[in-house]
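Fold and geometry: a report
If you want the building blocks of each chain, they are given just below.
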Amino acid sequence: MRLLRSDDVDALCSIELGLEAARRTAELVAAGAVTTGRVQVGDTETWTRVLVGIIPELDLIGHKEFHRVGKRVRYHITLATHSTGDALGIVDGRRITSLRTASTAALAHRHGVGEKPVAIAVIGSGEEAREGLRAVAGASNVESARIFSPTAANREALAGEAGETMGVPAQPVASVAEALEGATSAYVATAARAPVVTGADVAALDFVAAVGATRPDHHELSGDVLTTAARVIVDCRDATEEPGDAIDAVERFGWDRSAATLLGTWLGEDGGSDAGAPRLFKSIGSVEQDLVLAFELLRAAEERGLGDVVEPVGSLRLMR
């Protein structure tokens, strides 16, 4: 089996590899070819969560485990073959978590805006926002960016990094309204507990990707963003149930969850054919995204001789 650490993941995860893994995952989800489950256990000091997936089409089973003790969090992704159960590898899951979200959102963004030049508003400045901007810039024709974060130093740092390492001229701004001024699309990646973007804010945009709110107590979008969108596209059906902005859309604005389109289905359509704007891509992430990206990284690592090859730890038992 092969072990991939964070440096290995960074060396291997090109934009195109991430996009291809995201596309493959979206198509498998839309085809109903993935079985998943999860469990979370915690006490007053710590919690641990395990997400499990079975993907027969890729001859793949695996799980993502992450645990928190105080402020310390670690993530691991473990993969094995579906046909034999033999171990394939263990991959650093922290890097995978942000990279698979960014790749999936960048895939949706590229399908929605096509090849035209875009000015993007980035709301947020953490790892999810940074990796999202990097992936979108690598997948689409991003001419400029305006970046808002409540912390001036953080937005200035991301703007500087965008210009220096992503090739995107970026301006830090002091409000959401300034970030959205003149924008074609928006990338929203915050840890907000109250909405920071409303339907009126993004009415003139072509496309919005929202990836930060993943739990019921997270609300980066007002519910009317979902009800006024020309189309709502989701990475998984849980994205219509679990995040606070989707709950708000149902409870306050009467949003019909069943109207959302799975990303894998939407990719088979003309991304620019919807009447009105914007199209909204709502993502909460899902274990199959982690597993497929980790699987593709292990394949790339084998080709390039990266990572550490070790004997599997688990011994074999044959059961009747």
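All figures in this text were calculated on a predicted structure; none of them were measured in a lab. (Residues numbered from 1 in each chain as written. Predicted model: local features only at pLDDT ≥ 70, side-chain atom pairs only at ≥ 80, totals over all residues. Heavy atoms only, no water.)

1. Describing the packing of aromatic side chains
- Taken as a whole and judged by the stated rule, the model has 3 aromatic pairs.
- Taking the centre distance of 6.2 Å and the plane angle of 15 degrees together, the rings of Phe-207 and Trp-266 count as stacked. With Phe-207 in strand 11 (residues 207–210) and Trp-266 in helix 9 (residues 263–266), this pair connects stretches of sequence that are 59 residues apart. Residues Phe-207 and Trp-266 agree in their burial class; the two are buried.
- What links up through ring pairs into an aromatic cluster is the set Trp-47, Phe-66 and Tyr-75.
- Residue placement shows Lys-64 over the ring face of Phe-66; its charged tip is 5.3 Å from the ring centre. (Phe/Tyr/Trp six-rings, centres within 6.5 Å; stacked < 30°, edge-to-face > 60°. Helix = DSSP H or I, 4+ residues; strand = E, 2+ residues; numbered from the N terminus. Buried < 20%, exposed > 50% of the residue type's maximum accessible area, 1.4 Å probe, protein only. Lys NZ or Arg CZ within 6 Å of the ring centre and 35° of its normal.)

2. Digging into the sheet that holds strand 6 (residues 87–92)
- Read across the sheet, 7 strands follow the order 2-3-4-5-6-1-15 without closing on themselves; strand pairing throughout is mixed. The sheet terminates laterally at strand 2 (35–42) and strand 15 (308–309), the two strands that pair on one side only.
- Judged from the 10 bridges that link them, strand 3 (residues 46–55) and strand 4 (residues 60–69) form a sheet pairing that is antiparallel. In the sheet register, Leu-51 faces strand 4, and the bridge partner there is Lys-64. (Pairing = 2+ DSSP bridges.)

3. Section: the environment of Ala-191
- Looking at the element boundaries, Ala-191 is found in the loop between strand 10 (185–188) and strand 11.
- With 87 residues separating them in the primary sequence, Ala-191 and Thr-104 have C-alpha atoms 19 Å apart.

4. Structural notes on the pattern of salt bridges
- Following the criterion strictly, the structure yields 23 salt bridges and no others.
- Close ionic contact of Arg-24 with Glu-296 constitutes a salt bridge, the shortest N to O distance being 3.3 Å. Of this pair, Arg-24 sits in helix 2 (residues 15–30) while Glu-296 sits in helix 10 (residues 287–304), placing them 272 residues apart in sequence.
- Taking relative accessible area as the criterion, Arg-24 reaches 30% and is therefore assigned partly exposed.
- For Glu-296, a relative accessible area of 15% translates into the label buried.
- Note that Asp-248 is salt-bridged to Arg-252, the shortest N-O span being 2.6 Å. Within this pair, Asp-248 and its partner Arg-252 are both found in helix 8 (residues 244–253), separated by 4 residues, close to a single helical turn.
- The exposed category is assigned to Arg-252, whose relative accessible area is 56%.
- Because the salt bridges share partners, they merge into one network encompassing Asp-10, Arg-94, Arg-95, Glu-127, Arg-130, Glu-131, Arg-134 and Glu-161. (Salt bridge = Lys/Arg side-chain N within 4 Å of Asp/Glu carboxyl O.)

Fair warning: the whole summary comes from geometry, so function is off the table for now.
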